[in-house]
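Observations on chain architecture
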Amino acid sequence: MGKYKVIQVGCGKMSTYTMKYALDKGYEIVGALDISSELIGKDIGNVLGNGDTGVVIEDIANLNDLISRVKPDIAIVTTTSLIGELDEILTTLASNGVNAITTCEEAFYPSVSNPILTEKLDKLAKDNNCTITGTGYQDVFWGNLIYTLGGATHTITKIKGSSSYNVEDYGIALAKAHGAGLSKEEFDKTIAAADNISDNERQELINNGTYTPSYMWNVVPWLADRFGLSLIRMSQKCVPIIAEEDIDSSTLGTTIKKGFATGMSAIVCGETKEGIVIEAECIGKVYGENDVDTNAWTIEGEPSTSVVITKPDTVRLTCASVVNRIEDVILSNPGYVPTSQMGEIEYINR
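Presented here is a report on the structure given in the accompanying data block. (Residues numbered from 1 in each chain as written. Predicted model: local features only at pLDDT ≥ 70, side-chain atom pairs only at ≥ 80, totals over all residues. Heavy atoms only, no water.)

Two aromatic rings, taken as a pair, are described by how far apart their centres are and by the angle between their planes. Summed over the entire model, instances satisfying the criterion amount to nine aromatic pairs. Each ring, one from Y17 and one from Y21, has its centre 6.0 Å from the other, and the planes form 45°; the classification is tilted. Residue Y17 and its partner Y21 are located together in helix α1 (residues 13–24), separated by four residues, close to a single helical turn. In this structure Y21 comes out as buried when scored by relative accessible area, which is 17%. Aromatic ring contacts, followed pair by pair, group Y137, F141, W142, Y165 and Y215 into a single cluster. The ring of Y147 has R226 lying over it, and the distance from NZ or CZ to the ring centre is 3.9 Å. (Phe/Tyr/Trp six-rings, centres within 6.5 Å; stacked < 30°, edge-to-face > 60°. Helix = DSSP H or I, 4+ residues; strand = E, 2+ residues; numbered from the N terminus. Buried < 20%, exposed > 50% of the residue type's maximum accessible area, 1.4 Å probe, protein only. Lys NZ or Arg CZ within 6 Å of the ring centre and 35° of its normal.)

Printed below as a string of structure tokens:
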């Protein structure tokens, strides 16, 4: 393999690890971009805690120009959780034939929440011979790990999972997407209201590209695709997690008062033509002193199997997954290709 050239889009918390891991694995970082005036103009070495590298963080508005200058093979995009907010970035990358891999949670399987944008990006990527995908922690811990357990199962009736994470670890966009800091009334009017609708109303929002999914909304169909199942219906319910006492949020830069939301629990249920039910819950909130990340999944059937992982290092596992998928993306067929169609994610031994 040649030494692939990488650009980093978004130089916040996650990029500290994606850039380090990419460099450790022998990739060449040839550019970096952000929207923050505090980061623009700084050498990426300032983000990594190293000496100057000669790669200076540029304004995201320079993306097209940067591509022309450095001719990257792939872009790592670590900015936001909703694919609609990545439209301009991913469109620019695909139009220039640059592969893209993103930690955007909706990008994990976006055709079920924003099909119009997914189809547009898929066509652009195919026309320009590049690949776009989303990956991260969920690729292994909500996806391929469960698929592997299925390989030791005779019959499956239900796949059930629950995962919790600290929104403080991922930046302000994710914290706000989980309703952290909202009053219960504000939560009900904004986040919860999206699910107090009929299936037809939800589908209309999806078709218009205006639906706001929870993370598991894009995981359930990924699992169905990986297992070769046909989804016939999905439902989603989001409920706030209410603070029992005041709790400080460094990401929001404020104290969440008792009675306000620290985050939310979202449960997505998928029914399949084959009769297997997939139910997945994600709990994202500002952690208190005694909270830790957990990941628990059960395959019900013959035999039934449960796996529980306590204190997974979710941030670094996410970033390592991104870097370990780089060659899969570069070598993939062109288009918008979810990782459910790329096979198992593998350790890169170098």
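A word on the packing of α1 against helix α11 (residues 314–324). Between α1 and α11, whose axes approach to 9 Å, the crossing angle comes to 40°. Relative to α11, α1 is oriented oblique. As for the relative orientation of α1 and α11, their crossing is right-handed in sense. Contact residues: M14, Y17, T18, Y21 and A22 in α1; V315, R316, T318, C319, A320 and V323 in α11. Across the contact of α1 with α11, the residue classes tally to eight nonpolar, two polar and one charged. (Axes fitted to C-alpha atoms, helices over the stretch in contact; angles between N-to-C directions. Parallel < 35°, antiparallel > 145°, perpendicular 65-115°, else oblique. Left-handed = near helix turned anticlockwise from the far one by under 90°. Contact = heavy atoms within 4.5 Å. Nonpolar A, V, L, I, M, F, W, Y, C, P; charged D, E, K, R; others polar.)

Looking now at helix α6 (residues 137–150). With 14 residues, α6 should cover 20 Å at 1.5 Å per step; its first-to-last C-alpha distance of 19 Å lies within 8% of that length. Burial in α6 covers these residues: Y137, Q138, D139, F141, W142, G143, N144, I146 and G150. Close packing links the buried residues of α6 with β7 (155–166), α10 (215–227), β12 (277–285), β13 (294–302), β14 (305–310) and α11. (Expected span 1.5 Å × (residues − 1).)

Another point: the sheet that holds strand β8 (residues 231–242). The strand order across the open sheet formed by six strands is β8-β11-β12-β7-β13-β14, and the pairing between neighbours is mixed. At either margin of the open sheet sits one strand with a lone partner, and together these are β8 and β14. Mean inter-strand twist for the sheet, computed between neighbouring axes without regard to direction, equals 10°. Pairing geometry for β13 and β14, over six bridges, is antiparallel. Looking across to β14, one finds that W297 is bridged to V307. Seen against the sheet, α6 touches β7, β12, β13 and β14 and runs at an angle of roughly 25° to β13. (Pairing = 2+ DSSP bridges.)

Following the sequence through the fold, T262 ends up in strand β11 (residues 261–272). Residue T262 is classed as buried on the basis of its relative accessible area, which comes to 4%. Not counting residues within four places of it along the chain, the set of residues in contact with T262 comprises V167, A180, I241, A243, I247, I256, G284, K285 and V286.

This part is about the nonpolar core. If you look at the biggest cluster of nonpolar residues, it comprises 64 residues, and the most contacted ones within it are W142, I159, Y165, M216, L223 and W297. Counting residues in each nonpolar core, the second largest holds 27 residues, with L86, A94, L124 and C130 among its members. (Core = buried A, V, L, I, M, F, W, Y, C linked by side-chain atoms within 4.5 Å.)

Turning next to the pattern of salt bridges. One pass over the full model with this rule turns up 19 salt bridges. A salt bridge links E58 to R69; its shortest N-O distance comes to 2.7 Å. Taken together, the positions of E58 in strand β3 (residues 57–59) and R69 in helix α3 (residues 63–70) put the pair eleven residues apart, joining distant regions of the chain. According to the relative accessible area criterion, E58 is buried, its value standing at 16%. (Salt bridge = Lys/Arg side-chain N within 4 Å of Asp/Glu carboxyl O.)

On to α11, then. Given 3.6 residues to a turn, an α-helix orients residues that are three or four positions apart in the same direction. The buried count for α11 comes to eight of eleven residues, which makes it a mostly enclosed element. If you check which residues of α11 are buried, you get T314, V315, T318, C319, S321, V322, V323 and N324. Contacts from the buried residues of α11 go to α1, β4 (74–77), β5 (99–102), α6 and α12 (326–331).

This part is about the sheet that holds strand β2 (residues 28–34). As summarised here, the arrangement of the seven strands in space is β3-β2-β1-β4-β5-β6-β15, forming an open sheet in which the pairing is parallel. The sheet is open, and its two edges are formed by β3 and β15 (335–336), each paired on a single side. Judged from the four bridges that link them, β4 and β5 form a sheet pairing that is parallel. The residue bridging A75 from the neighbouring strand is A100, located in β5. The strands that α1 touches are β1 (5–9), β2 and β4; relative to β1, the one it contacts most, it runs at about 175°.

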